[in-house]
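Residue-level structural notes
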Amino acid sequence: MDNQSVENLLQLGGLFEPGKIALLALGIFILWGVNRAARHLSDSLMDKLPSQRFLTLQVITLFSFIWYIGGTYWLLVTVIEPPKEFLLAIGGSAVVAIGFALKDIAASMIAGIMLLFDRPFQVGDRVAFGDDYGEIVSIGLRSVRLRTLDDNMVTIPNSRFITETVSSGNTGALDMMVVTEFYLSLDADLELAQNLVYEVLATSRFIFLKKPISCVMTEVALADRLAVRLTAKAYVLDVRFEKAFQSDVVMRVERQFRAHHIARPQRDGVRESEAGRNAVTSAPIPSTSYRPPEAPVVD
């Protein structure tokens, strides 16, 4: 072993003298104690000022991060007193680690800039992304916020929009197509069913009549039986009334199907329409049984 190696070992051993170890332990205890006291103070503030609870949590989280990072650096420099070469090596390793940790954030920021120019969707659009569906609330430099129909706020990193598929329902327009499906028996009066659905769509107070209404029929396998799927497509005048429009259509169509004895797919060997005849009379349900909310007047 040469003299340089021996000297390096002696310097390394000098970094961990008993006195320095004791001061380092005391410093770590002080860091922990101050942070714990700050946490207790923040809990008291949240109890006294519940309206500022989220702001208090943000401040104490930022304080804890800065306190631990700054305190650890101060202990290393003043107590351990490592040589400059050691600090440079640790600093280089820290930069590499931070670079790996922030690569996803950097990718999201670049993707955010691309979204601003490409504009696959806008604020206010109804968007389906993965398992989430809702309204775009904000498009930031790092993430997109989407409010679901259950009023949950979902934050999605911008980088995911570059590699995954996103579907926009209205693409900046106020109106949007709403698709509703109904299943009919093969021996049902399909023409009558189609006319009933079309009439319900055309008379809904949420319909946007400047765009077409369509009813498409397809033969499908439903529970090991053949059935006819009637797909009703129409535009709602405002995306905010999407579910109200769909509920209005479903309830009124079901009412008309029962009133006109439209055969539905069989269930346990008994047609649902036949069971309905025994349960209800053939008279139409009064229109006052359901009153959807008033829709705004659109010029």
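Refer to the structure presented above.
In what follows, the accompanying structure is described. (Residues numbered from 1 in each chain as written. Predicted model: local features only at pLDDT ≥ 70, side-chain atom pairs only at ≥ 80, totals over all residues. Heavy atoms only, no water.)

1. Let's talk about the sheet that holds strand β4 (residues 153-157)
Here is the rule: Pairing between two strands is assigned when DSSP locates at least 2 bridges connecting them. Under the scheme used here, helices are H or I runs from DSSP no shorter than 4 residues and strands are E runs no shorter than 2 residues, and both carry numbers assigned from the N terminus. Helix axes are fitted only over the stretch in contact, all axes being lines through C-alpha atoms; the angle between N-to-C directions runs from 0 to 180 degrees.
Judged by pairing direction, the sheet is antiparallel, and its five strands sit side by side in the order β4-β3-β2-β1-β5 without closing on themselves. Edge positions in the sheet fall to β4 and β5 (166-168), since each has one partner strand and no second. Along the sheet, successive strands turn relative to each other by an average axial angle of 40°, direction set aside. Across five bridges, strand β3 (residues 143-148) lies against β4 in antiparallel orientation. Bridge pairing in β4 links serine 143 to proline 157.

2. Observations concerning the packing of aromatic side chains
Quick reminder of the rule: Classification of ring pairs rests on two measures: the distance between centres of Phe, Tyr or Trp rings, Trp counted by its six-membered ring, which must be within 6.5 Å, and the angle between planes, read as stacked under 30 degrees, edge-to-face over 60 and tilted in between. Any residue under 20% of the maximum accessible area for its type is buried, any over 50% is exposed, and the rest in between are partly exposed; the area is computed with a 1.4 Å probe on protein chains only.
All told, the structure shown has six aromatic pairs when counted by the stated rule. Here the aromatic rings of phenylalanine 129 and phenylalanine 161 are separated by 4.6 Å at their centres, their planes lie at 40°, and the arrangement is tilted. In this pair, phenylalanine 129 is assigned in strand β1 (residues 126-129) and phenylalanine 161 in helix α6 (residues 158-163), connecting sequence segments 32 residues apart. Take phenylalanine 129 and phenylalanine 161: they sit in the same class, and that class is buried. Among the aromatic residues, ring-to-ring pairing joins Phe121, Phe129 and Phe161 into one connected group.

3. With respect to the side chain of serine 204
Under the convention used in this document: Contacts between residues were defined by any pair of non-hydrogen atoms, one from each residue, lying within 4.5 Å.
With respect to the helices and strands, the residue serine 204 is situated in the loop between α7 (190-202) and β7 (214-222). Excluding residues that lie within four positions of it along the chain, serine 204 makes contacts with Phe245, Asp248 and Arg252.

4. Some remarks on the pairing of β1
Both β1 and strand β2 (residues 132-139) contribute to a ladder of four bridges, which runs antiparallel. Bridge pairing links valine 127 to glycine 134 in β2. Linkage of β1 to β2, two consecutive antiparallel strands, is achieved through a turn of two residues, within which glycine 130 is found at a positive phi near 65°. Judged from the three bridges that link them, β1 and β5 form a sheet pairing that is antiparallel. When the sheet's bridge partners are listed, valine 127 is paired in β5 with serine 168.

5. A short note on α7
Applied cut-off: For a helix, the expected span equals 1.5 Å multiplied by the number of residues minus one. The arc in question is the one traced by the directions running from the helix axis out to the C-beta atoms.
The end-to-end C-alpha distance of α7 is 18 Å, a good match for the 18 Å that 13 residues give at a rise of 1.5 Å each. Every buried residue of α7 is accounted for by Ala193, Leu196, Val197, Val200 and Leu201. The buried residues of α7 occupy an angular sector of 135° when the element is viewed end-on, so they sit on one face. Packing partners of the buried residues in α7 comprise β6 (176-184), β7, β8 (225-236) and α8 (242-259).

6. Focus: the sheet that holds β6
Hydrogen bonding along the main chain pairs the strands of a sheet, whether they run parallel or antiparallel. Strand order across the open sheet formed by three strands is β6-β8-β7, with antiparallel pairing between neighbours. Of all the strands in the sheet, just β6 and β7 have a single pairing partner and so form its edges. Neighbouring strand axes in the sheet, compared pairwise and without regard to direction, differ in orientation by 25° on average. Bridge count between β7 and β8: nine bridges; the pairing is antiparallel. Looking at the pairing, valine 220 lines up with alanine 227 of β8. Strand contacts of α7: β6, β7 and β8, with the helix running at about 25° to β8, the strand carrying the most contacts. Across the sheet, α8 is in contact with β6 and β8; its angle to β6 comes to roughly 25°.

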